[in-house]
Amino acid sequence: MSDTPAIELRDVIKRFGETPAVDRVSLQIGDGEFFSLLGPSGCGKTTTLRMIAGFEYPSSGEMLIHGRSMATIPPHRRPVNTVFQSYALFPHMSVEQNVAFGLQMQRLPKQEIAPRVSEALELVRLGHLAQRRPNQLSGGQQQRVALARALVNQPEVLLLDEPLGALDQKLRKEMQLELKSLQHRVGITFIFVTHDQEEALTMSDRIAVMNQGKVLQVGSPTEIYERPTCRFVADFIGETNFIDGEVVESDGGYSSIVTPDGLRLRGLAPRTLPAGSAATLSIRPEKLRLTTLEQAGPEQVAALPVSVELVSYIGSDTRITVRLNEQRTLDVWEQNRRSTLDRNAYWQPGEQALLFCPPDNALVLAE
Amino acid sequence: MRLYWPSEQGSAASSSCKRTKEECRLAFDLIERTRVQRDRRNLMALLLPGLLWLLLFFALPLLIILLYSFIVSGPRGNLIWQATVGNYTDLFTRAIYLNAYLRSIWISLLTTLICLLLGYPLALFIVRQPPHVRTLLLFLVLIPFWTNFLVRIYAWQIILANNGLINSSLRALGFAPIQLLNTEGATLIGLVYGDLPFMVLPLYAAIDRFDFTLMEAAADLGASRRQAFLRVMVPLTMPGIVAGSVLVFIPTLGQFVVSELLGGAKVDYLGNLIQRLFLRSNPPNWPLGSAMAIVMMLLLLAFILWYFRISREEDR
Ligand SMILES: Nc1ncnc2c1ncn2[C@@H]1O[C@H](COP(=O)(O)OP(=O)(O)OP(=O)(O)O)[C@@H](O)[C@H]1O
Ligand SMILES: [Mg+2]
């Protein structure tokens with residue numbers, strides 16, 4: 001089991017009618033990994049998950065679980081369990097009966113089922129509600145029953161389709177932590193579907209970012225955020241400034257671009273870009289640096305003169321929009337590291353300043 | 001609760017506060033009570049016409065029948081006002097009556113079962129269609145109601161007769177004709193045909209409310225399609241199954257038209273016997289007919305109660 005991935009998708013395509021909902025997706029998901037599928041609505045996350053669960057079959061391509069092809073295996077014979085977005089608890093059964101259902105289907109003896117059910121309910125801290133019906137539970141409790149109902153079968157892989165989507169913000173945060181620690185304890189592979197990037201970043205070991213049925217990038221949260229390989233990923237995860245231009249020089253992993261309005265900027269280039277090709281420089285607002293004219297020291301980086309246009313104070317940060325010229329503004333975020341009421345400690349609209357765009361913090365991406 | 005009344009330290013302010021609260025509650029109670037009273041009056045006014053109707057045309061005739069069943073029938077079919085339980089002992093001791101009961105119960109159960117077995121897949125199929133197709137199919141299920149039931153049964157006579165549609169086709173194809181009309185099989189066909197919509201409609205309503213994600217959830221947890229159907233779908237559509245069964249079973253138990261026109265009145269069902277005792281036999285025997293009807297109603301009542309009980313247990 002060691003080397004074979006828990007889940008492997010090879011060039012999987014799923015078509016509903018003409019357009020593919022999932023388009024040539026290849027993935028390898030390791031044993032015990034917390035793997036997220038992240039992407040905007042309609043990008044094919046649920047369809048991918050349903051193919052792993054067996055509710056849909058690929059139009060072409062292969063799907064393997066622990067090296068075993070799933071082409072002819074119906075859902076009830078697959079070693080995976082699903083936590084549905086709507087929970088799909090059986091309304092005519094008590095919490096206990098819901099959780100016992102999977103074990104009963106495996107035809108385990110009664111005396112074995114009872115302790116495993118109560119164990120699973122303890123795991124999600126719902127032992128005291130075992131006799132309730134699902135409609136007598138809150139959303140968060142129902143969610144935990146759905147989790148217990150799936151986990152009690154000790155699946156090789158647990159599939160979760162936006163399991164926290166229906167919860168309010170606070171409960172959602174709590175459940176994120178709970179889910180993560182639960183996964184740690186049970187050591188089962190989790191495949192987690194979400195369209196919330198923050199959720200994906202907090203919880204995952206690795207993330208696959210999807211758009212229009214395609215997987216654009218797979219990587220750890222840091223890789224996805226710090227080294228997006230394309231414009232869509234950079235844009236979808238977090239905030240960023242895009243500066244379009246033309247490559248004028250590439251050397252040693254860096255490229256320089258020149259913009260139509262005459263800016264020349266340097267950044268890391270994941271791929272070597274030929275001079276003359278169109279490219280976009282992406283830099284996150286918190287990675288730009290803004291100083292007053294007086295503070296400007298001897299820097300290796302060219303400073304860009306800017307004027308402060310908008311300042312919004314949001315407590316932990318100050319978010320500043322600076323104007324470089326007639327056509328162009330950029331967003332800069334500064335952390336408020338010093339506690340003060342002094343107005344002069346904060347930027348004011350209209351102030352002149354110098355903006356630094358460190359090449360190590362910027363990425364030059366091909367279109 | 002306590003949060004709203006933080007001044008429990010017993011200050012003057014707090015006690016006056018409590019008093020006002022008490023008064024408020026009394027006032028609310030009063031308003032609430034008058035509202036409930038008014039609602040109840042309105043309700044009575046609305047129910048009255050219906051209640052009167054039921055009293056006149058249901059309870060009263062029922063009482064008369066009950067009364068008749070305990071008196072003696074005269075030699076010319078006249079009523080002799082003399083108390084007796086003879087009618088009931090006749091029912092339970094003479095084979096002709098006992099057999100009619102058993103035969104009626106049997107064919108009603110068979111009809112209900114066949115309607116259920118045909119109706120469930122049909123209702124399920126209709127629910128799974130896109131909305132416009134669904135409306136059309138439901139419409140088709142209801143179309144037979146546009147024609148009088150008798151006329152439709154005569155149509156079945158034409159289909160099943162010895163020189164009818166089926167048998168002339170058989171003959172044209174070189175097969176020997178088969179006796180279809182005037183058999184118990186023809187009765188069963190007619191009953192199933194007539195009752196099927198009463199099974200399909202409640203089943204449709206129940207299955208339409210069913211969340212099919214639950215079938216995926218069951219499959220996900222290792223249930224085969226059959227197990228998922230029996231453990232999840234059947235219990236959750238039980239209200240439709242119960243309603244449909246009751247709607248089919250009740251009228252079938254007392255029917256006499258179908259067995260007369262398609263079954264050729266060869267064997268006696270309850271409905272035929274009752275009808276005969278009241279209208280056709282010479283002399284008529286109203287008291288015995290009344291006793292038969294009363295026992296049939298009690299049977300139905302027992303059946304319905306039992307059915308509701310087991311279906312509710314299923315649900316649990
Ligand atoms: N059964 C189906 N029939 C036809 N088209 C479908 C079907 N299921 C999904 N699609 C289409 O496939 C595409 C991907 O759908 P999918 O449900 O996988 O998206 P998703 O990423 O889960 O989106 P969301 O975040 O909104 O849940 C969508 O365009 C959708 O309309
Ligand atoms: Mg989805």
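Residues numbered from 1 in each chain as written. Chains lettered and ligands numbered in written order. Predicted model: local features only at pLDDT ≥ 70, side-chain atom pairs only at ≥ 80, totals over all residues. Heavy atoms only, no water.

Within chain B, the secondary structure is distributed over 13 helices and two strands. In summary, chain B has a C-alpha radius of gyration of 29 Å against a globular reference of 20 Å for 316 residues, an excess of more than 25%. Here the C-alpha coordinates of chain B stretch approximately 100 × 65 × 35 Å along the principal axes. Out of the 316 residues belonging to chain B, those deemed buried represent 36%. Residue pairs in contact within chain B that sit at least 24 positions apart in sequence constitute 65% of those at least 6 positions apart. With an accessible surface of roughly 19,300 Å², chain B has 69% of that area assigned to carbon and sulfur atoms. (Helix = DSSP H or I, 4+ residues; strand = E, 2+ residues; numbered from the N terminus. Rg over C-alpha atoms; globule rule 2.2 N^0.38 Å. Buried < 20%, exposed > 50% of the residue type's maximum accessible area, 1.4 Å probe, protein only. Contact = heavy atoms within 4.5 Å. Areas by Shrake-Rupley, 256 points an atom, 1.4 Å probe, with all protein chains shown as cover.)

Our next topic: the site of ligand 1. Residues and elements named next belong to chain A. Looking at ligand 1, the residues that line it are Phe16, Ala21, Ser41, Gly42, Cys43, Gly44, Lys45, Thr46, Thr47, Glu162 and His195. Within the backbone of Gly44, an N or O atom sits 3.0 Å from an oxygen atom of ligand 1. The fraction of the free accessible surface of ligand 1 (630 Å²) that becomes covered by protein chains is 56%. Looking at the shell around ligand 1 residue by residue, the class counts come to three nonpolar, six polar and two charged. (Near = heavy atom within 4 Å. Polar contact = N/O pair within 3.5 Å; in protein donor to acceptor, adjacent residues only side chain to side chain. Nonpolar A, V, L, I, M, F, W, Y, C, P; charged D, E, K, R; others polar.)

All names here are of chain B. Examined at the domain level, chain B breaks down into domain 1 (1-68) and domain 2 (85-315). Look at where the C-alpha atoms of domain 1 and domain 2 centre, and you get two points 44 Å apart. Across the boundary between the two partners, domain 1 contributes four residues, which contact seven residues of domain 2. Between domain 1 and domain 2, the buried area comes to about 490 Å², and carbon and sulfur atoms account for 79% of it. Applying the counting criterion to the domain 1 and domain 2 interface returns zero salt bridges. Taken together, domain 1 and domain 2 are joined by zero residue pairs in polar contact (both at pLDDT 80 or more). (Domains from an automatic or database assignment. Buried area = accessible area lost by both parts, 1.4 Å probe. Salt bridge = Lys/Arg side-chain N within 4 Å of Asp/Glu carboxyl O.)

Moving on to the side chain of Glu56 of chain A. Relative to the assigned elements, Glu56 of chain A resides in the loop between α1 (45-53) and β4 (60-65). If we skip the residues at most four places from it in the chain, Glu56 of chain A touches Lys14, Phe16, Arg50 and Met51 of chain A.

All names here are of chain B. Within the element layout of this structure, Leu273 appears in helix α12 (residues 270-280). You can call Leu273 buried: its relative accessible area is 3%. Considered as a pair, Leu273 and Leu214 are 59 residues apart in the sequence and their alpha carbons are 49 Å apart. Ignoring any residue separated from it by four or fewer positions in sequence, one finds Leu273 in contact with Ile96, Tyr97, Ala100, Asp268 and Met292.

Turning our attention to the sheet that holds strand β18 (residues 329-335) of chain A. Residue and element names in this part refer to chain A. Taken together, the five strands give an open sheet; going across it, the order is β15-β19-β16-β17-β18, and neighbouring strands pair in antiparallel fashion. A strand with exactly one partner marks an edge of an open sheet, and here the two such strands are β15 (289-291) and β18. This sheet shows a mean twist of 45 degrees between the axes of neighbouring strands, independent of strand direction. Here six bridges tie strand β16 (residues 303-313) to strand β17 (residues 317-323), and the two strands are oriented antiparallel to one another. Considered in β17, the bridge of Tyr313 is made with Thr318. (Pairing = 2+ DSSP bridges. Axes fitted to C-alpha atoms, helices over the stretch in contact; angles between N-to-C directions.)

Once that is clear, we can look at the state of the cysteines. Scanning all chains against the criterion turns up zero disulfides over all chains. Here Cys230 of chain A stays free of any disulfide, with the sulfur of Cys43 of chain A as its closest cysteine sulfur at 13 Å. (Disulfide = S-S within 2.5 Å.)

Core analysis: the biggest nonpolar cluster contains 88 residues, and Ile7, Phe90, Phe101 and Ile191 of chain A together with Met292 of chain B have the highest contact counts within it. Here the element with the most residues in this core is helix α13 (residues 286-315) of chain B; it accounts for 11 residues. If near-sequence neighbours (up to four positions away) are discounted, Met292 of chain B is found in contact with Leu91, Tyr97, Tyr101, Leu270, Leu273, Ile274 and Leu277 of chain B. Ranked by size, the runner-up nonpolar core spans 35 residues in total, among them Leu121, Ala130, Ala148 and Leu179 of chain A. (Core = buried A, V, L, I, M, F, W, Y, C linked by side-chain atoms within 4.5 Å.)

This part is about the domain arrangement of chain A. All names here are of chain A. Parsing chain A into structural domains produces domain 1 (7-231), domain 2 (233-283) and domain 3 (285-364). With centres defined by C-alpha atoms, the gap from domain 1 to domain 2 works out at 38 Å. Each partner contributes to the interface: domain 1 provides 16 residues, whereas domain 2 provides 11 residues. Summed over both sides, the interface between domain 1 and domain 2 buries roughly 1,100 Å², with carbon and sulfur atoms accounting for 68% of that surface. Between the two partners, domain 1 and domain 2, sit one salt bridge. In this structure, the salt-bridge partner of Arg231 is Asp244, at a minimum N-O distance of 3.1 Å. The tally of links from domain 1 across to domain 2 stands at eight residue pairs in polar contact (both at pLDDT 80 or more). Taken together, the elements giving at least two residues each to the side of domain 1 that touches domain 2 come down to α6 (197-203), β10 (214-219) and α7 (221-226). Across the side of domain 1 that touches domain 2, the residue classes break down as nine nonpolar, five polar and two charged.

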